[in-house]
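For reference, the chains in residue letters:
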Amino acid sequence: MTSPTRPCTTVHPYSSPGASASDVIAFARETAFNRAKPEPIYYQLGESIMRALHQRRIPPGSPLPSHRALAGQWRVTLATVRSTINYLDIRGYLHWAGQRTYLVEPQSAAASPRSP
């Protein structure tokens, strides 16, 4: 006899209650960047996400959507999305946990650095 499958109820310590990838997707829809600016697009997008975290427009602990979802919302290439993610990671705004990536504020990321 097999036991019924139950949904996983484990909450990751960096995820905030109620935060979801849809928070980031909603923000991505309204994020504008200017291709005419001298700053690279990944820089503009990364700076927008960091500002949104500090202003609490994106709750800290929100899981990052898939690369393809972000590329579709921003209408940029996957390479630009990867560059944006790398930019955020270097600055301590991401926490990696298995297959999930969470947006965090730098002090949270510094407390638990990404393992190689």
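Everything below is about the structure shown above.
Quick notes on the rules
- Residues numbered from 1 in each chain as written.
- Predicted model: local features only at pLDDT ≥ 70, side-chain atom pairs only at ≥ 80, totals over all residues.
- Heavy atoms only, no water.
- Axes fitted to C-alpha atoms, helices over the stretch in contact; angles between N-to-C directions.
- Helix = DSSP H or I, 4+ residues; strand = E, 2+ residues; numbered from the N terminus.
- Parallel < 35°, antiparallel > 145°, perpendicular 65-115°, else oblique.
- Contact = heavy atoms within 4.5 Å.
- Pairing = 2+ DSSP bridges.

Engineer: Could you give an account of the packing of helix 3 (residues 67–74) against helix 4 (residues 78–90), with specific residues and numbers?
Structural biologist: Contact geometry for helix 3 and helix 4: axes closest at 9 Å, N-to-C directions at 110°. Taken together, the axes of helix 3 and helix 4 lie roughly perpendicular to each other. Mapping the contact onto sequence places His67, Arg68, Leu70, Ala71 and Trp74 in helix 3 and Leu78, Val81, Arg82, Thr84 and Ile85 in helix 4.

Engineer: I'd like a description of the pairing of strand 1 (residues 94–97), backed by residues and values.
Structural biologist: If a strand is regular, its side chains alternate between the two faces of the sheet. For strand 1 and strand 2 (residues 100–103), the ladder comprises 4 bridges, and the chain directions are antiparallel. Its bridge partner lying in strand 2, Leu94 is registered against Leu103. The hairpin turn running from strand 1 into strand 2, its antiparallel successor, is 2 residues long, and Gly98 in that turn takes a positive phi close to 65°.

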